[in-house]
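The primary structure of each chain is shown beneath.
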Amino acid sequence: MAPVFPRCFIEHPTEVRDLYLGPASYFWAALTGPLYVLRVAGLRGALKAAGPTLLSLIILMVAIAATMYLPKPIQAISLVGIPVFLFAYQARKIVQLVRVIYAARGWTVHQI
């Protein structure tokens with residue numbers, strides 16, 4: 001079974017440059033989304049990262065609005081669980097996007 005948050009090591013094909021995507025990468029990708037991609041992979045990647053981030057925000061707004069129609073105990077669980085799930089979704093999508101961007105540039109991606 002594959003890990004939910006796989007770590008990877010990305011190497012430049014000719015120069016001695018590399019990038020490690022581990023737990024800290026997922027944390028910052030979840031919190032900052034496109035800003036993380038802008039810092040790591042550039043402007044074009046940041047624009048591509050806006051899609052998953054906007055999707056997460058829309059789902060979060062709709063879910064929070066929908067919780068007002070749920071019973072009180074389920075509201076509390078939903079208001080904690082939904083953001084955690086969406087942060088995990090965004091972190092995975094953003095780091096996956098960084099991996100794809102570097103692979104398209106010709107870098108070698110190793111999953112650890």
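For clarity, every value in this text was computed on a predicted model and none was experimentally measured.

Reading guide: rules and limits
All residue numbers refer to position in the chain's written sequence, counted from 1. Where local features are concerned, this predicted model is filtered to residues with pLDDT of at least 70; where side-chain atom pairs are given and counted, the filter is 80 or more; whole-chain, interface and lining totals use all residues. Excluding hydrogens and water, the side-chain figures rest on all heavy atoms present in the structure. Put simply, DSSP H or I for four residues or longer makes a helix, DSSP E for two residues or longer makes a strand, and each gets a number counted from the N terminus. Relative accessibility under 20% of the residue-type maximum defines a buried residue, over 50% an exposed one, and the middle range a partly exposed one, all with a 1.4 Å probe and only protein chains included. We call two residues in contact when some of their heavy atoms are within 4.5 Å. pLDDT runs from 0 to 100 and stands for how confident the predictor is about each residue. Two rings from Phe, Tyr or Trp (for Trp, the six-membered ring) form a pair when their centres are within 6.5 Å of each other. A pair whose planes differ by under 30 degrees is stacked, one over 60 is edge-to-face, and the rest are tilted.

Examining the side chain of T67
- Within the secondary structure, T67 is located in helix 3 (residues 43-67).
- Accessibility expressed as a relative area gives 5% for T67, which makes it buried.
- Ignoring anything within four residues of it in the chain, the contact list for T67 reads Q75, S78 and L79.

Section: the confidence of the model for the protein chain
- Of all residues in the protein chain, 100% attain a pLDDT of 70 or more, and the chain-wide mean is 93.
- Ranking the elements of the protein chain by mean pLDDT puts helix 3 last with 92 and strand 1 (residues 8-11) first with 96.

Things to note about the packing of aromatic side chains
- Using the criterion set out here, one finds three aromatic pairs in the structure.
- Ring plane angle 65° and centroid distance 5.0 Å describe the contact between F5 and Y26, whose orientation is recorded as edge-to-face. Taken as a pair, F5 in the segment before strand 1 and Y26 in helix 1 (residues 23-32) lie far apart in primary sequence, 21 residues in all.
- Of the residues examined, F5 reaches a relative accessible area of 37% and is grouped as partly exposed.
- Y26 sits in the buried class, given a relative accessible area of 7%.
- Ring geometry for F27 and W28: centres 5.1 Å apart, planes at 80°, overall edge-to-face.

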